[in-house]
Structures are given as structure tokens and as C-alpha cells.
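What follows is each chain in one-letter form.
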Amino acid sequence: ERRPRQELPRFLREEMSCSPFWVELLRVYMKRDHLNEAVDLVAEQLARSQKDFVSLDAKRFRWTPLCGFPADLAEQLRCGVARASERGSGVVGLREGLLRKLDDIL
């Protein structure tokens, strides 16, 4: 039996997405089948990393979202979205859009 979809508390999403714990947030989204949020999070981290890379002072290192990027999780997410599309789970056009977005990222 599927549980009703529950959103994570906003403060938790905000704090985790702006830190190295974003990978754990991605895992939570994937486990709860929040595919839209998971894909958006990966895209957001890529954008943040690109912005930080441009402004990064070469003399010092700081954490960016792509440090230790979880390529294996991103691929698992892609497979999960593809399976959801094949099953016809959710809006097909939306799932196909998520696949295209992930393919662009990966």
C-alpha cells in the first residue's frame, strides 16, 4: 500500500540542499519516489556548482556540490524515472521531460 505523499519540512530542504548533505536529501527523495524533486535537486546542484566554479578563488579550496558528485545515484535516479515512464506512472510527458533533463545533466 502506498503512503500519501508528504513533503519534507521546508527548513530541512533548504538546509540540506545548501550543504554536503544534499546527497542524503537526494537519497530521501529517491526513496520516497519524489522524482521531480530529485531531478530538480540534481539540476540545482549542478547550477550552483557552475556558479561557484566561476567565482572560486584559485588560491583556496572550498566545498562545491560536485565534490564527490554521486554519479551512481544520479544514474539510479535516471533508471527510476525511466521505469516510471515505462509503467505509465504519473504524467508521461512529465516523466519524459525529467529523463531529458537528467540526460542533459549526465
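Residues numbered from 1 in each chain as written. Predicted model: local features only at pLDDT ≥ 70, side-chain atom pairs only at ≥ 80, totals over all residues. Heavy atoms only, no water.

Moving on, we get to the overall build of the protein. The secondary structure content of the protein amounts to five helices and zero strands. Each helix (α) and strand (β) of the protein, taken in turn from the N terminus, gives the series α-α-α-α-α. Per-residue burial over the protein gives 35% buried out of 106 residues. Across the protein, every contact between residues at least 6 apart in sequence was considered, and the portion connecting residues at least 24 apart equals 57%. (Helix = DSSP H or I, 4+ residues; strand = E, 2+ residues; numbered from the N terminus. Buried < 20%, exposed > 50% of the residue type's maximum accessible area, 1.4 Å probe, protein only. Contact = heavy atoms within 4.5 Å.)

The next thing to look at is the environment of V39. Looking at the secondary structure, you find V39 in helix α3 (residues 35-55). Spatially, the C-alpha atoms of V39 and R78 are 8.6 Å apart, while their sequence positions differ by 39 residues.

As enumerated under the stated definition, the model contains four salt bridges in all. A salt bridge links D40 to K101, with the shortest nitrogen-to-oxygen separation between them at 2.7 Å. With D40 in helix α3 and K101 in helix α5 (residues 92-105), the pair connects residues that are 61 residues apart, well separated along the chain. When its relative accessible area of 38% is taken as the criterion, D40 is described as partly exposed. Residue classification places K101 among the partly exposed positions, given a relative accessible area of 31%. Between D103 and R78 there is a salt bridge whose closest N-O contact spans 2.6 Å. With a gap of 25 residues between them, D103 in helix α5 and R78 in helix α4 (residues 71-87) connect regions that are remote in the sequence. (Salt bridge = Lys/Arg side-chain N within 4 Å of Asp/Glu carboxyl O.)

Per-residue confidence for the protein gives a mean pLDDT of 78, with 72% of residues at or over 70. When mean pLDDT is compared element by element in the protein, helix α2 (residues 22-31) scores highest at 92, while α5 scores lowest at 77. (pLDDT = per-residue confidence, 0-100.)

The next point concerns the nonpolar core. The biggest cluster of nonpolar side chains holds 23 residues, and the ones touching the most others in it are L26, L77 and V81. Within the residue set of this core, elements represented by two or more residues are α2, α3, α4 and α5. Not counting residues within four places of it along the chain, the set of residues in contact with L77 comprises L26, M30, L35, A38, V39, V42 and L102. (Core = buried A, V, L, I, M, F, W, Y, C linked by side-chain atoms within 4.5 Å.)

Position of Q45 among the secondary structure elements: in helix α3. Residue class for Q45 comes out buried when judged on its relative accessible area of 0%. A distance of 2.8 Å separates a polar atom in the side chain of Q45 from the backbone oxygen of S17. (Polar contact = N/O pair within 3.5 Å; in protein donor to acceptor, adjacent residues only side chain to side chain.)

Turning next to α4. Helix length check: α4 (17 residues) gives 24 Å between terminal C-alpha atoms against 24 Å at 1.5 Å per residue, within 8%. Three or more residues of α4 are buried, namely L73, A74, L77, G80, V81, A82, A84 and S85. (Expected span 1.5 Å × (residues − 1).)

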